[in-house]
Amino acid sequence: MMAHIELQNVSRAFGKESERVLAVDDVSLAIEKGEIRCLVGESGCGKSTTGKMIAGLLPPSGGRILYEGKPIDRLNKEEYRAYRHAVQIIHQDPYASLNPVQTVKQIITTPLLRHRKVNGSQQAYRRALELLEIVDLTPAADFLDKYPHQLSGGQRQRVSVARALTVDPKFIVADEAVSMVDVSIRVSLLNMLMRLKNEFDVTFLFITHDLALAKYFAWEGAISVMYLGRVVEDGPTPRVITDPRHPYTQALLAAVPEADPELTHRKRRIALRSADIPSLLNLPPGCTFHPRCPYFVEGECDVSAPPLEPISEGGRVACPVRKDEHVSLLIPS
Amino acid sequence: MSQADDAFFHHAAAGEKPPLSLRNVHIMYQSRKGAVNAVRGVDLDLRAGESLSLIGESGSGKTTLGLGVVRLLVKTARVTQGEIIYRRDGLEMDVSQLDARRLREFRWRECSMVFQSALNSFNPVLRIWNQMYDTAKAHGWGDRRAVREHVLNLLRFVQLDAERVIDAYPHELSGGMRQRVLIAMSLLLDPQVLILDEPTTALDILTQRTIIELLRRLKDEQRLTMLFISHDLAIAAELADRIATMYAGKIVEIGSADDIFYRPRHPYTLGLIRAVPKVIGEFEDLVSIPGSPPDLVDLPSGCKFHPRCPFATDRCSREEPDLEQVGKDHAAACWHWQSVAEELADRPLHQSLPTLQTAQSGE
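Now for a look at the structure at hand.

Scoring rules and cut-offs
Residues numbered from 1 in each chain as written. Chains lettered and ligands numbered in written order. Predicted model: local features only at pLDDT ≥ 70, side-chain atom pairs only at ≥ 80, totals over all residues. Heavy atoms only, no water. Salt bridge = Lys/Arg side-chain N within 4 Å of Asp/Glu carboxyl O. Helix = DSSP H or I, 4+ residues; strand = E, 2+ residues; numbered from the N terminus. Buried < 20%, exposed > 50% of the residue type's maximum accessible area, 1.4 Å probe, protein only. Pairing = 2+ DSSP bridges. Contact = heavy atoms within 4.5 Å. Axes fitted to C-alpha atoms, helices over the stretch in contact; angles between N-to-C directions. Core = buried A, V, L, I, M, F, W, Y, C linked by side-chain atoms within 4.5 Å. Phe/Tyr/Trp six-rings, centres within 6.5 Å; stacked < 30°, edge-to-face > 60°.

1. A few points about the pattern of salt bridges
Moving on, step 1. Counted under the stated rule, the structure contains 41 salt bridges over all chains.
Moving on, step 2. Notably, a salt bridge pairs A:Glu130 with A:Arg127, separated by 2.8 Å at the nearest N-O pair. Residue A:Glu130 and its partner A:Arg127 are located together in helix α4 (residues 120-134), separated by three residues, close to a single helical turn.
Moving on, step 3. For B:Arg40, the salt bridge goes to B:Glu320, with nearest N and O atoms at 2.9 Å. Taken together, the residues span a long stretch of sequence, with B:Arg40 in strand β3 (residues 34-46) and B:Glu320 in the loop between α11 (314-318) and β12 (324-327) at a distance of 280 residues.
Moving on, step 4. Judged by relative accessible area, B:Arg40 falls into the buried class, the value being 10%.
Moving on, step 5. For B:Glu320, a relative accessible area of 28% corresponds to the partly exposed category.
Moving on, step 6. Beyond isolated ion pairs, a larger network of salt bridges with shared partners links A:Arg269, B:Arg209, B:Glu213, B:Arg216 and B:Glu238.

Structure representation (structure tokens):
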């Protein structure tokens, strides 16, 4: 089966010569139609840059991105337009991503009319009502004349989703889409996105720094863990979460505080050799995690970058030293 | 450095009293839309050596309350009612009555605050040392050599490369390092009480862990009295002895960390716990709280949570409940806390780990 979106050895650099930063370094991954894929990692790991490249907002500096099997830089005008419609992005900050002087009605009907998804303003109005209902902004008519400042963060994010839906997307890149929303309404936002996946067969790339959210949203999908521009581990979500193999994934999962006092105090502490994340301007040789890794093997880890290798439990791990070792993240009680 | 201004302190009654007591504190903002009731009658004791976590969503009034204690509210806000009593060595005073000079002494020396945004808390053109020394000097401690020695010790305590960091500019430090410097700075004048507003919110996971471990050392080794303000329940689970849930400017539940997480009695606390996913273990269904947080300019009648509450009855829309004893050292402001208890007996929280279930049923 042909992947919906495929990245082949994709890299992205920023800046000139001496200040050159490799934000994404040789990333290959394939996302199938209807899949939920999470991209997790800390700030600066390249997850948002990867999302922007997939959405066509940034060109890669190396490698290529395939949309339904065709490199996006080789698409003709018609195909390129179809790709840009099919792949939509929802940004993190709903306070910055909506035009403050447009009403919800304008925000939603403008793309509908511009891209001829409807015939005339009467149809645009009806379609706008439908879209607002899909994102649970009901009664929809009450929201049409509101300005973004009259909406809560959660409501704004729903408007962003409705706007993305105007062009009938098949693939949504959600970049920290619920991170700025309050805890009590986060879950309903996630459930709404999940419904889109099921009802409209939308494929999701869900970018987040929050592993618990990744687990909840992508339990039936897959997770890719990024560190300093590279994917260090990927696989089906239940495997990555319950049986992480890369020392970085393990360190992350062990470090996350849990909203349960007993559980959080029973978690194993993984001591890193260094607390500081290396600068992208001066990356260590070999595996970039080696200066912090508790399993560092001299002469091996600091020599060449380990490739992602498949493991029998599912997915791939870029650590020849530890990929076959199970580590329990809980101290037995 | 505990030479408090004795003349100012009133002699308090004997017995171990909490270092900080809030009595019926109300704080209001003036906004274009009208008066905002940010804090509506908070009673709270911060006990000696404890760490208390204030949890709640944005707009619940938790940060306003913290700023009110150190009197750093913006000009449009003021404490309209109530007392903020601070005590040390059997003496007490009302923070809201302090004049400018005494207030300056109260801050840093008695009570310091660590703010959410670590970068904004520094003067960008001063080296860490100058910033620390200025603060010490402003509080009458001008012995350069002794201050420097003390600062180096504090920086070592927060596990920084002290010799390098002391002469660095803020922009030369990473987010986690800056947060550690801020915590070190807050300890400069050996305060009795430390208020931390979202101390780990903007940090990456591994950095956050180092700050949590540092705060745990402050709590366990230094027995510092700490008030944590956080929207993140997990930080409360990590660090709090007691937890207070705030909603629409009021404390709606307060109890030990175990009571709040395993035996919540307020529907809002229960809702928060059921809405937060855990990383460890199998998949769990999450339940969101319907509706959205209230408009503080135009609050609902009765219990402010009733429009979102699955337990609400007519009474809840008419009368606002006060905090009521629901267990030992555990209070909740809900007319239906017993129904919450019954629901939890049928459908316990935290089902994924068998050992935790026994911990609950053992109660």
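2. Re the sheet that holds strand β2 (residues 21-31) of chain A
All names here are of chain A.
Moving on, step 1. The sheet built from four strands is open, its strands ordered β2-β1-β4-β5 with antiparallel pairing. Two strands lie at the open edges of the sheet, namely β2 and β5 (70-71), each paired on one side alone.
Moving on, step 2. Inspection of the sheet shows strand β1 (residues 5-14) paired to strand β4 (residues 62-67) by five bridges, in the antiparallel sense. By the bridge assignment for β4, Leu7 is matched with Ile65.
Moving on, step 3. Of the strands in this sheet, β1, β2 and β4 are in contact with helix α1 (residues 47-54), which crosses β1 at around 120 degrees.

3. Some details on the environment of A:Thr208
Residues and elements named next belong to chain A.
Moving on, step 1. In this structure, Thr208 sits in strand β8 (residues 203-208).
Moving on, step 2. The exposure class assigned to Thr208 is buried, which follows from its relative accessible area of 1%.
Moving on, step 3. Taking the C-alpha atoms as reference points, Thr208 and Ile311, separated by 103 residues in sequence, lie 24 Å from one another.
Moving on, step 4. In contact with Thr208, not counting residues within four places along its chain, are Leu39, Val40, Gly41, Lys47, Glu176, Leu213 and Ala214.

4. Digging into the nonpolar core
Moving on, step 1. Formed by 108 residues in total, the largest nonpolar core has its most connected members in A:Ile108 and A:Leu132.
Moving on, step 2. The dominant element in this core, judged by the number of residues it contributes, is helix α7 (residues 183-200) of chain A, at eight residues.
Moving on, step 3. In this view, A:Ile108 contacts A:Ala128, A:Leu131, A:Leu132, A:Ala162, A:Arg163 and A:Thr166; residues no more than four positions away in its chain are not counted.
Moving on, step 4. Within the second largest apolar cluster, 42 residues are counted, among which are B:Ala136, B:Leu154, B:Leu196 and B:Leu215.

5. What to know about the packing of aromatic side chains
Moving on, step 1. Under the criterion given, the structure shown has 14 aromatic pairs over all chains.
Moving on, step 2. Ring centres 5.1 Å apart and planes at 85 degrees place the aromatic pair B:Tyr247 and B:Phe305 in the edge-to-face group. Taken together, the positions of B:Tyr247 in strand β10 (residues 242-247) and B:Phe305 in the loop between α10 (267-275) and α11 put the pair 58 residues apart, joining distant regions of the chain.
Moving on, step 3. Classification of B:Tyr247 as buried rests on a relative accessible area of 4%.
Moving on, step 4. On the basis of relative accessible area, B:Phe305 is assigned to the buried category, the value being 2%.
Moving on, step 5. Taken together, a centroid distance of 5.3 Å and an interplanar angle of 65 degrees make the contact between B:Tyr268 and B:Phe305 edge-to-face. In this pair, B:Tyr268 is assigned in helix α10 and B:Phe305 in the loop between α10 and α11, connecting sequence segments 37 residues apart. Note on accessibility: B:Tyr268 and B:Phe305 belong to one class, buried.
Moving on, step 6. Through successive ring pairs, a cluster of aromatic residues spans A:Tyr67, A:Tyr80 and A:Tyr83.

The analysis is restricted to geometry; functional conclusions fall outside its scope.
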